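# Per-entry structural report
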Amino acid sequence: MAVDCLNSYILSMIYLDAIQPDIFIGDFRLQEPITTITDVILGIYCLYTAYQLKKINTSTKAFKYLITHLILLGIAVLIGGTLGHGFQYLLSPSWKIPGWYISMIAVMFMERSSIEYIKDKVSHKLHKALLIINLIELIVIMVLASITLDFFWVEFHSVYGLLIVVFPCHLYNYTKTKDPASRKMLYGIAILVLAIFVFNYPVILSIWFTNYDFAHTLMLLSIICFYQAGKLFQDNYEDFT
């Protein structure tokens, strides 16, 4: 009986537009409060991990690009949380584009970090080709996102970057070297792909913790993995190349 009730409840939430109620404090209005807060927490943590990694003295491009990824992702998530969720009622949908662009550039730097990490294990031509394709793909997707104002292209870029570039690079490196940094990166990518799936899965168990909030929580776990990997970059990069 209880199971049937639970199943009925879950099924009733499928495709339901369960928007979080706004919070009002006097004249102050916060739209989608939990989604906004989880975005802000995620953004702050990204910037914190970038700050901690910058304390490590290393000059490898892979390491610097990873830090750049975290900084840009933190900024993008903060913009998305505030302009795209918390105060969207004050703005037109086009205000989402700055956060989208920054997040796509952030993914591009994650891709370039991975490409640089395996630079000495692939041919010079392949290395250069990957960098060129990486840039062309970013420009094309940014144009499509601005024309359509569709978040699909932001997600497409993320999935492409993670599964077609970052994952293969670190999987290749790990199979060749058993590099613990690449192992941590693979964990982070797996969690992040799960977050993308959760973000799009139309089952909302509570209006106070939606699929968006769950996805943000998973993204936080993925950043923890990337942060741990980054700390290993400087310890292991020279040993494994």
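This text follows the structure it describes.
To start, this report covers the structure provided alongside it. (Residues numbered from 1 in each chain as written. Predicted model: local features only at pLDDT ≥ 70, side-chain atom pairs only at ≥ 80, totals over all residues. Heavy atoms only, no water.)

With that settled, consider the overall build of the chain. Within the chain, the secondary structure is distributed over 8 helices and 2 strands. Listed N to C, the secondary structure of the chain is α-β-β-α-α-α-α-α-α-α in terms of helices and strands. Across the 241 residues in the chain, those meeting the buried criterion constitute 43%. Sequence-distant contacts, at least 24 apart, represent 73% of the contacts inside the chain between residues at least 6 apart. (Helix = DSSP H or I, 4+ residues; strand = E, 2+ residues; numbered from the N terminus. Buried < 20%, exposed > 50% of the residue type's maximum accessible area, 1.4 Å probe, protein only. Contact = heavy atoms within 4.5 Å.)

As a further point, take the packing of helix 4 (residues 97–117) against helix 5 (residues 124–148). The interhelical angle for the contact between helix 4 and helix 5, taken along N-to-C directions, is 170°, at an axis separation of 10 Å. The angle between helix 4 and helix 5 places the two elements in the roughly antiparallel class. Residues Ile97, Trp100, Tyr101, Met104, Ile105, Met108, Glu111, Arg112, Ile115 and Glu116 of helix 4 form the contact with helix 5, whose own contacting residues are His127, Leu130, Leu131, Asn134, Leu135, Glu137, Leu138, Ile141, Met142, Ala145 and Ser146. Split by residue class, the contact of helix 4 with helix 5 holds 14 nonpolar, 3 polar and 4 charged. (Axes fitted to C-alpha atoms, helices over the stretch in contact; angles between N-to-C directions. Parallel < 35°, antiparallel > 145°, perpendicular 65-115°, else oblique. Nonpolar A, V, L, I, M, F, W, Y, C, P; charged D, E, K, R; others polar.)

Burial of nonpolar side chains together is a common tendency in soluble globular proteins. The biggest cluster of nonpolar side chains holds 31 residues, and the ones touching the most others in it are Leu53, Met185, Ile223, Phe226 and Phe233. Those elements that provide at least two residues to this core are helix 2 (33–54), helix 3 (61–86), helix 4, helix 6 (152–177), helix 7 (180–200) and helix 8 (211–236). Among the elements that line this core, the one with the most residues is helix 8, at 8 residues. What methionine 185 contacts, discounting residues up to four positions off in sequence, is Met110, Val166, His170, Phe226, Ala229 and Phe233. Ile97, Met104, Met108 and Ile141 belong to the second largest nonpolar core, which has 11 residues in total. (Core = buried A, V, L, I, M, F, W, Y, C linked by side-chain atoms within 4.5 Å.)

Quick look at the environment of leucine 78 now. Assignment of secondary structure puts leucine 78 in helix 3. Taking relative accessible area as the criterion, leucine 78 reaches 24% and is therefore assigned partly exposed. With residues near it in sequence (within four places) discarded, leucine 78 still touches Val40, Gly43, Ile44 and Leu47.

At a minimum axis distance of 9 Å, the contact between helix 4 and helix 6 shows a crossing angle of 15°. The angle between helix 4 and helix 6 falls in the class roughly parallel. In this structure, the crossing between helix 4 and helix 6 has a hand that is left-handed. Along its contact with helix 4, which presents Trp100, Ser103, Met104, Val107, Met108, Met110, Glu111, Ser114, Ile115 and Tyr117, the element helix 6 presents Trp153, Val154, His157, Ser158, Tyr160, Gly161, Val165, Val166, Cys169, His170 and Asn173. Considering only residue class, the contact of helix 4 with helix 6 consists of 13 nonpolar, 7 polar and 1 charged. (Left-handed = near helix turned anticlockwise from the far one by under 90°.)

A word on the environment of phenylalanine 209. Within the element layout of this structure, phenylalanine 209 appears in the loop between helix 7 and helix 8. Not counting the four nearest positions on each side in its chain, phenylalanine 209 is found in contact with Gln20, Phe214 and Thr217.

Moving on, we get to helix 2. Relative to the 32 Å expected for 22 residues at 1.5 Å per residue, helix 2 spans 32 Å between its end C-alpha atoms, a close match to the ideal helical length. Every buried residue belonging to helix 2 is among Pro33, Thr35, Thr36, Thr38, Asp39, Leu42, Gly43, Cys46, Thr49, Ala50 and Leu53, and all of these are buried. (Expected span 1.5 Å × (residues − 1).)

The next point concerns the packing of aromatic side chains. Counted by the stated rule, this structure contains 10 aromatic pairs. Consider the rings of tyrosine 117 and phenylalanine 233, whose centres lie 4.5 Å apart with planes at 25°: the pair is stacked. In this pair, tyrosine 117 is assigned in helix 4 and phenylalanine 233 in helix 8, connecting sequence segments 116 residues apart. Assigned by exposure class, tyrosine 117 and phenylalanine 233 land together as buried. Consider the rings of phenylalanine 209 and phenylalanine 214, whose centres lie 6.3 Å apart with planes at 40°: the pair is tilted. (Phe/Tyr/Trp six-rings, centres within 6.5 Å; stacked < 30°, edge-to-face > 60°.)

By the secondary structure assignment, glutamine 20 is in the loop between helix 1 (2–13) and strand 1 (23–25). Side-chain polar atoms of glutamine 20 contact the backbone nitrogen of threonine 35, separated by 3.4 Å. Within the structure, the side chain of glutamine 20 is placed 3.3 Å from the backbone oxygen of isoleucine 207, a separation counted as a polar contact. Every residue in contact with glutamine 20, bar those within four places of it in the chain, is listed here: Glu32, Pro33, Ile34, Thr35, Ile207, Trp208, Phe209, Thr210 and Asp213. (Polar contact = N/O pair within 3.5 Å; in protein donor to acceptor, adjacent residues only side chain to side chain.)

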